[in-house]
Structure formats: C-alpha cells, structure tokens
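Here's the letter readout for the chains.
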2 protein chains.
Amino acid sequence: MRDRPTAASTRFELLAQELEQQIAAGVLRAGDRLPSVRQTCASRGLSPSTVFQAYYLLESRGLVRAAPRSGYFVTARADGVLLSEPKTSEPQSGSQPVEVNDLIYACLGAARARDIVPFGSAFPSPVLFPLDRLRRALVSSTRRLEPWSMVEDLPPGNLRLKREIAKLYLRQGMNVATDEIVLTHGAMEALNLCLNAVTRPGDAVVVESPTFYMALQALQRLGLRAIEVPTHCREGIDLGRLAQVIELYRPNACWLMTSFQNPLGSLMPEAKKRDLVELLARHDVPLIEDDVYSELYEGPAAPLPAKAYDRRGLVLHCSSFSKCLAPGYRVGWAAPGRLAREVERLKLMTSLSGSIPVQAALAEYLQEGGYDRHLRGLRQSLLTQRNSLFDAVNRHFPDGTRVVRPAGGYFVWVELPVGVDAMALHRAALAQHISLAPGPMFSARAEFQHHIRLTCGQLWDEALERAMRTLARLVDDAVRAVAAEPASV
Amino acid sequence: MRDRPTAASTRFELLAQELEQQIAAGVLRAGDRLPSVRQTCASRGLSPSTVFQAYYLLESRGLVRAAPRSGYFVTARADGVLLSEPKTSEPQSGSQPVEVNDLIYACLGAARARDIVPFGSAFPSPVLFPLDRLRRALVSSTRRLEPWSMVEDLPPGNLRLKREIAKLYLRQGMNVATDEIVLTHGAMEALNLCLNAVTRPGDAVVVESPTFYMALQALQRLGLRAIEVPTHCREGIDLGRLAQVIELYRPNACWLMTSFQNPLGSLMPEAKKRDLVELLARHDVPLIEDDVYSELYEGPAAPLPAKAYDRRGLVLHCSSFSKCLAPGYRVGWAAPGRLAREVERLKLMTSLSGSIPVQAALAEYLQEGGYDRHLRGLRQSLLTQRNSLFDAVNRHFPDGTRVVRPAGGYFVWVELPVGVDAMALHRAALAQHISLAPGPMFSARAEFQHHIRLTCGQLWDEALERAMRTLARLVDDAVRAVAAEPASV
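Residues numbered from 1 in each chain as written. Chains lettered and ligands numbered in written order. Predicted model: local features only at pLDDT ≥ 70, side-chain atom pairs only at ≥ 80, totals over all residues. Heavy atoms only, no water.

- Per an unreviewed UniProt entry, chain A goes by the name Transcriptional regulator, GntR family and belongs to Methylibium petroleiphilum.
- Chain A has a UniProt comment under Sequence similarities (unreviewed entry) that states "In the C-terminal section; belongs to the class-I pyridoxal-phosphate-dependent aminotransferase family." (UniProt positions renumbered as here; feature names shortened; annotations may be inferred.)

This is the structure in structure tokens:
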C-alpha cells in the first residue's frame, strides 16, 4: 500500500486492516473473492454490519469491489499494490480570460462515431435508460395534453413537472418551492442562465481545477475570467485556497460540481459543503452548483447538495434528467434561490420555454413511480462499470500511472506516468478507434497535459477490456519513448 | 377614400378604381357581396385573371375581403370610408442602451389566463394546429428511434429534420446546405445565438420602429445598444433612413422581420429586400432575419426572405415551426450563412442540443407530407381572422383611429385617436377581461404610447366581436375624456 494511513481503532477498521495486509502480502490476489459476510461473521464472531463496514472501507480504498449478487473481489494489481491517487493540481494563481481552443470540439466530435470505443464520451450508454417506458409516457401524456397547454405552458413550463422536481428535493429533506424551479433545456441552459444572472462581462468566476469544459465555454461566451482553484480527487475544491482567492480577487461567483465532479469524480463531504456555503455567504458570493450526477451515488442515499445548507438563497442549484433518466430529452432545471425571478426572465429572453410534450412526458413518468427502481438498476450498473474500468487501469497501466476510484458518476480521472503527453495519447488512441478526453480540455490554461478522463458509461465487456489493454500498451510505448529520449539540454 | 392615389392605367386597375368609387359612393356598402368573378368576366368581357387582380388590389387596400368559398365582401365602415393607415414612426435618432421595463412581463402574463379574450397574446389558437397528427408522428418516430440516437444526435441534432428544412428552402428556390442549418429551441434561441455571434457588448444594432419586444430583450441581455429606424406599416423599414444610420453610427448588425413584421404586419416587397441585402453587404453589416411568419401569407406563394438575395453569407436567417405547425414543441433553426459554425458552437455552449424526440417527430411529420394541406387550411383561417379583426376595428372604433390590414400573420397594429393612452386602455381592457399589447412594449424608448397591437389568432366568433365592441367603447370613452379635459397649460 502506498500513501495509506494505517492507524486503526474500531472493530471494522481492524478487520479491514487485516484483509489489507493479506492483499499486500499476496495471500489474497487480484480477482480473489473475499469470504462472504456470513462466513466472516461466523468465523470471527462479528456482526454483519461490522463486516459490511470493513468491506465498504476496503472498497472505498479501491482494494475490493462488489460484484452484483456474487460478493466482494480483490481488485489489486499483480504486485498486490494499487496505483496511487492523482496529485492535486497546482493551477497558476490569478484570474484570466478564457479562450477555449478547438480541442474540445474536436474531441467531442471524435467520441461520437459508433465504431469508436467511447472512453472519451460525455454520455453513458443509452441502453441504461428506460427509453421504452419514457416513450409510453410520451404517448399517454400527449394524448391527454390539452391543446391550450401548448400555449398556456409557455413561459412557465409544465407545472406538474415542477411539482415532481420539488418532490425530489423534498425526498432529500430540502424545501424548494415549486415556483423557485425554472425549467430549462438541460442543465447546460440552467447553468448558463444562472451564470448570466450573477455576472457582468469582465467578472471573475471561481472554477475547480480541473474543471468541466462546458463551464469554461460558458465563461468564455459571457466574457468572464476564470480563477482555477486546486481540487482534490476525492474531496473536491480546497476550501483554504478558495478562502484566499476570495480575499485576493473578490470573485463574483463560484461554479462548482460538488458531487461526482467532472472529470475528477470527487465528492465533497457534507461537512465541507456546509463550510463552503458558509464561506461564500460571508463574502456574499453566489454559488452555481452543477449537480447532474448526484443520483449516480454509491451507498445508502444520494449526497446532499450544497444547496441543502443554504440559508440565504445564494446557491443556484442546477440539475437535469439527462444523466439519470432521459438523455436526449433535454429537460433540466435551476432552483436559483433568491435569483429565481431573474433566471426565469433570462430563460424567457433566451429561449422562451421548454418543449411542452417532453416536459409532460417526464411529469407523467415521475408520477407513475418507476423512477426509483430505474435508478437502483442504473446505480448498480454504473458501480460495476466504474469498478471494471478502475480495475482495468490498475491491471494494465504501467507504474507511475495514478488513478482514483470515484464514488459515483461514470468518469475516471487518470494521471499518466511522467512525460506521457495526453494529446499524443489521444491521437494514437483515435488511430486505434478508441476515444478519450485529454486533460487540457479541462483547464483554461491547457494544463493537465499528462491527464486523461476515461468514461465508464458502457456495460463492461471483452471489447472494452481489450481497448483498455490497447490503451495501456500505448501508454507503455510512450513511457519507453520518454525513457529513450536524451535528457533535454 | 383617404390617402389613396387614384392614377390607374391597366384594365384591372380601372376595374378596381370603379368598384372603389361605388364603395365610396355607398352603392356597395359594408357586408355587400361583390359580383362573382364569373359574372364580372361575362358582364365586362374581361379575363378571370384581370378580375382577380382587381379584387386582390381592392383586398390589399382593405376595401374588400375574401370569405372562404363564398366570394368577396365589402369591408368598408358605415360611412363607406375606411380608417386611414397608421403613420410611420419618427423614433429619436441615435443609439441607446436598452432597458426593457416590467411592462413586457406584466402584459405577457396578463394575456395568458384562459378567461381573458387574448387580443394581447403572441400565439394563435392551438386548435389551428394538427396536434393529433403531430402526436401520432411523435409516437411512431420515437418507436423507431434507435437508443443510440439519443446520444449521437446530441450536438448536431436530427439530420432528417435538417434535410426536411433544407427541402423547405429548396421549394422556394433557395439553396441552403443541410449543414448550414443549426437546430435550436425555437426561433428565439436561434435569434439570440445569431445576435451573440455577430456582436460584442456595447455594439449597436439596428431594429425596426416599432420592434418585436423579444428583440429588445435580447439586446438588453447582451448589453447592446438599439438604433430604431422608421418602419412603414405595409412596406417595412425605411431604406433611406437605414442607409443614413449606417453611415452615421456604423451599426454591427441589423435585426429585422422582413415578412409580416411583429407588430406592424408589414411585408417588405421583394425588390426592397434585395436592395436591403445589397445595402448591408456594401457596409459588411450582418442581417439577422427573423422570419417566423412567412408561411402565413396571402396570395399564391410565400414571400421570399432577404436571405434569398444573399450572395455573401451575411444573412443569418432564423425561423421555427412554432407559428405555423407545432406551437409548444419549441423547434426552430438558424441558417446563419458564413457564420454557421460559430452559431453552432454557441448553440453547443448554451444548451448543447435540441430535444431528440420532438425533432424526430417533426422530421417524420414533414416526411409524411401533410404539411402543405395543413398550411393551406391555416392560411385560410388566419385570412378570415385578419379580415374579421380589421373589419371590426373599422366598424366599431371611432374616427381618428388608424389601422392597416396586414397581408399575413396574425397581428393588427392600431394607432388610437389623438390623446388616447395605450397603457390606460390596456388597464381598462384587462378589467373587462380583454388583453391587448400596448405600444410601449415595442420600443426601447417606450414610444408608441397611442398604439396597440391586436392579435387575431382565434377563430372569429360572437364573443370576439363583442370584445371588440367593448374595446371600441373604451376607446370612445377615452376620446371623450380627452375632449373634456381643459387645454393643458
């Protein structure tokens, strides 16, 4: 084990530590099944919950993974040691105008063709979604749609859908009024409208480093400056650095992905989210919270968004159904706190209204009550896919690679061995019909030149495993080429 | 006849002049049926096309109107004299920042409730649209929709739909490449993206006076300055004044509605459109052409847009299906000429993509081939409704009112008698459950305080006729109140 604290005090931690040692010693090897929970309870006289906690801990450390209905398996590399986590970025300080290059468009375009293994895609496989049931909802809801609603629902949007969204918040114990919700064309429009509502051209906006490229594009479009703040691969943005940046540069807004950040997969712990909201409230800085992945969690419940801790209406929470229910329908929303009316007006000015039939269809689907069952299946699939991709990186990629197992979503962030260029790898991979998202897409300064984002949105199969081996071989080649180069003068 | 030239030279003009004199002399009175085309051919030894031309001319002057399958009827007022046309505006010169007030939102909100007579609405009645057939297209197209298209069609949008739109252009003899077309959430998004593509904050943009309030909102949102140019109630923007404005202020773009302008209903003659395109090309000024009403024409064929005369890719043509086929679906497009790639990127940055199911449904509907039949019926209904509203204004409104019969669309622009305040009338009408769009909505400087826009989007019935009488009575009251006021000091 590299970089791993070993102090243990409770029963489950002791059990986890013991299993970890067996893995490190090669007693348990990659692919081995851990003893079942029942066996371990019996053999050690522990309660099931203690054993589960130990297994969860090992899983959170990437040492084992759960396979649906068959138990826990060791994921470690052949040498019994997992790859380390990526290091936290050290972006240059200061704000700067955003000039996104053609890279993003080129990469997005390359990831779309059907004969390409889509490790560079931003979307999970459509087969993971209940498209048939959605279609039936579309049929029955439009049959009952009154002609007048085609006109009346323009501007405010489908009221039933707003109520269903308010109920989704309520389920998390959050009280968001139906009329705070502004329906939009996907989260992307919601985020853009919120950004528009809280900034003027030339303003500075805090983003994570690395950050979602669409955030950079939105900043560029509105003539805003980006302040990139170091972001930890598991715990999200560095609050200490954020506090400094606020003092130094007085940013006009933050745009953060607090749960399962794209591309890192980081999940801010809830206490940290609360601290974030308090820090921003002290300085009156609005938070645009991009929260499209939170339904794709592991464990017992969805992580609360920062919005849950907002007492001042300063958090503009944006989400959509595109990643968890209905890709292609383009239905999202903002819950913009005290700026709700302003965002609603911007929506009216920008694109007037959402599409009435698809809004009605989603309202109907949500009311019918199959959403939870669908989400359980989707989460289980994505868990398996995340594990498979993470395992494959560990199995195949050379030493010096760094990777972290994300606790949700479908992106895996990989730091390549020193000297391996992500753009060159991107080109070499495309020649082998494999897409990936090179790190420079995720920075206003084209940083992360040795990083890639891999998408595990597909049902894992031998073709994907083979593509991972090919990718690993390309990385190997690059490592060897670097080693063979004469030292630079 | 007021304000009407009488020189006539050709046969049809002579016939028209003669009938006009009979109307003026009270021989033919309001509601009288003109002799049928067959009768007139026989009695005067003229060809049917000459008689039709004469009747069209009278119709274009507002003196007669066609009733479906029953002939032409005299529309004149009781005194045999039509109200005059509204005068052309004289907006203040210079550019100025746009600060749209709450009026627009208040008026749009007021027009939506179902118990309000919607003379202020921006939408025609949904019963005029083939909602059932669209629903069937939605059902069958989504049944055949491949899951992968839910992901693949994001960004570029449904290719079949783009092809169908290219075919609509082709039908008019225009060659617009499929990949010039950028699918958007309604024309509103298309217009916003095009405006965004050709301007930077602080730039000046030429608009018509009066202008569509959404154009003003878009200018405000992007921090642009408006230059309002006088616009004739039948023939559109004044090209002489436009040329002066271009020399003086070097605007960065024009945003015009060349066919059936909202609110005037004006239709630029084709030669004028060609001159417009040439003028702008000489100064390298892009034209954003808002062309959502052109399918709602009278006569044998749709008017060509200015885009048809564009040789330099400087016309960014924007339209949608919202006004002619599928309100509430929110499917529109831009054909942005040489700025197509830039607009496409802005679309990607703003809202990523359109809704795949509704795009597929419209593609299917258009391919099935019922569109033309639907349009014929819609045009016929709207013609009757325009005539009915125009007649009602002539019948009921007091002298001093000015109105012009638009040759397409569903808006009628009314200049109220001197001293009658549109905002006061708006409030008084709302108290009677009648909405209207007061003139100040259509100007960056809240001009047009004595104008209103009336919408004839509903099937005409006794309730609408009664509402027009009520409205006329309110105008009468206001005229009397003005007359009773002591002269201002």
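Having seen the structure, we can now continue with the description.
A short note on the interface of chain B and chain A
And step 1. Between chain B and chain A, the residue contacts involve 52 residues of the former and 52 residues of the latter.
And step 2. Interface area for chain B against chain A, summed over the two sides, is near 5,300 Å², with a carbon-plus-sulfur share of 66%.
And step 3. Looking only at chain B, the three residues that lose the most surface to chain A are Arg114, Arg221 and Met349 of chain B, adding up to 14% of its buried area.
And step 4. Counting the contacts that link chain B with chain A gives zero salt bridges. (Contact = heavy atoms within 4.5 Å. Buried area = accessible area lost by both parts, 1.4 Å probe. Salt bridge = Lys/Arg side-chain N within 4 Å of Asp/Glu carboxyl O.)

Comments concerning helix H8 (residues 186-198) of chain B
And step 1. Counted at 1.5 Å a residue, the expected span for H8 of chain B with its 13 residues is 18 Å, and the 19 Å between its end C-alpha atoms agrees.
And step 2. For H8 of chain B, the buried fraction is high: 13 of the 13 residues fall into the buried class. (Helix = DSSP H or I, 4+ residues; strand = E, 2+ residues; numbered from the N terminus. Expected span 1.5 Å × (residues − 1). Buried < 20%, exposed > 50% of the residue type's maximum accessible area, 1.4 Å probe, protein only.)

Considerations on the packing of helix H10 (residues 239-249) of chain A against helix H11 (residues 270-282) of chain A
Residue and element names in this part refer to chain A.
And step 1. For the pair H10 and H11, the least separation of the axes is 11 Å and the interaxial angle reads 5 degrees. In terms of orientation, H10 and H11 fall into the roughly parallel class. In this structure, H10 contributes Leu239, Leu242, Ala243 and Ile246 to the contact, and H11 contributes Lys272, Asp275, Leu276, Leu279 and Leu280.
And step 2. Across the contact of H10 with H11, the residue classes tally to seven nonpolar, no polar and two charged. (Axes fitted to C-alpha atoms, helices over the stretch in contact; angles between N-to-C directions. Parallel < 35°, antiparallel > 145°, perpendicular 65-115°, else oblique. Nonpolar A, V, L, I, M, F, W, Y, C, P; charged D, E, K, R; others polar.)

Examining unusual backbone geometry
And step 1. For the peptide bond that leads from Asn262 of chain A to Pro263 of chain A, omega is 15 degrees, which places it in the cis range.
And step 2. As for its position among the elements, Pro263 of chain A is in the loop between strand E9 (253-256) and H11.
And step 3. Of note, the phi angle at Arg250 of chain B is positive, near 45 degrees, even though the residue is not glycine.
And step 4. Tracing the backbone through its elements, the reader meets Arg250 of chain B in the loop between helix H10 (239-249) and strand E9 (253-256).
And step 5. Unusually for a residue other than glycine, His433 of chain B sits at a positive phi of about 60 degrees.
And step 6. Under the relative-accessibility criterion, His433 of chain B is labelled partly exposed at 42%.

Overview of the sheet that holds strand E17 (residues 451-455) of chain A
Residues and elements named next belong to chain A.
And step 1. If you trace the four strands from one edge of the open sheet to the other, you get E13-E14-E17-E16, paired in antiparallel fashion. Taken across any chain shown, the strands that pair with only one partner, and hence form the sheet edges, are strand E13 (402-403) and strand E16 (437-438).
And step 2. Across two bridges, E16 lies against E17 in antiparallel orientation. Note on E17: the bridge partner recorded for Ala437 is Arg453. (Pairing = 2+ DSSP bridges.)

Here we look at the pairing of E9 of chain B
Residue and element names in this part refer to chain B.
And step 1. Where burial is concerned, the two faces of E9 agree: the one with Ala253 and Trp255 and the one with Cys254 and Leu256 are both buried.
And step 2. Where strand E6 (residues 204-209) lies against E9, three bridges are found, and the strand directions are parallel. Residue pairing for E9: Val207 is matched across the bridge by Trp255.
And step 3. Pairing of E9 with strand E10 (residues 287-290) involves three bridges; the strand directions are parallel. The residue bridging Cys254 from the neighbouring strand is Leu287, located in E10.
And step 4. Where the polypeptide runs from E9 across helix H11 (residues 270-282) and back to E10, its parallel neighbour, the crossover connection is right-handed. (Right-handed = clockwise from strand over helix to strand, strands pointing away.)

What to know about the pattern of salt bridges
All names here are of chain A.
And step 1. Evaluated as defined, the whole model comprises 47 salt bridges over all chains.
And step 2. The salt bridge partner of Glu344 is Arg341, with a shortest N-O separation of 3.0 Å. Here the residue Glu344 and the residue Arg341 both occupy positions in helix H12 (residues 340-351), the gap between them amounting to three residues, near one helical turn.
And step 3. Glu344 gets classed as partly exposed once you look at its relative accessible area, which sits at 29%.

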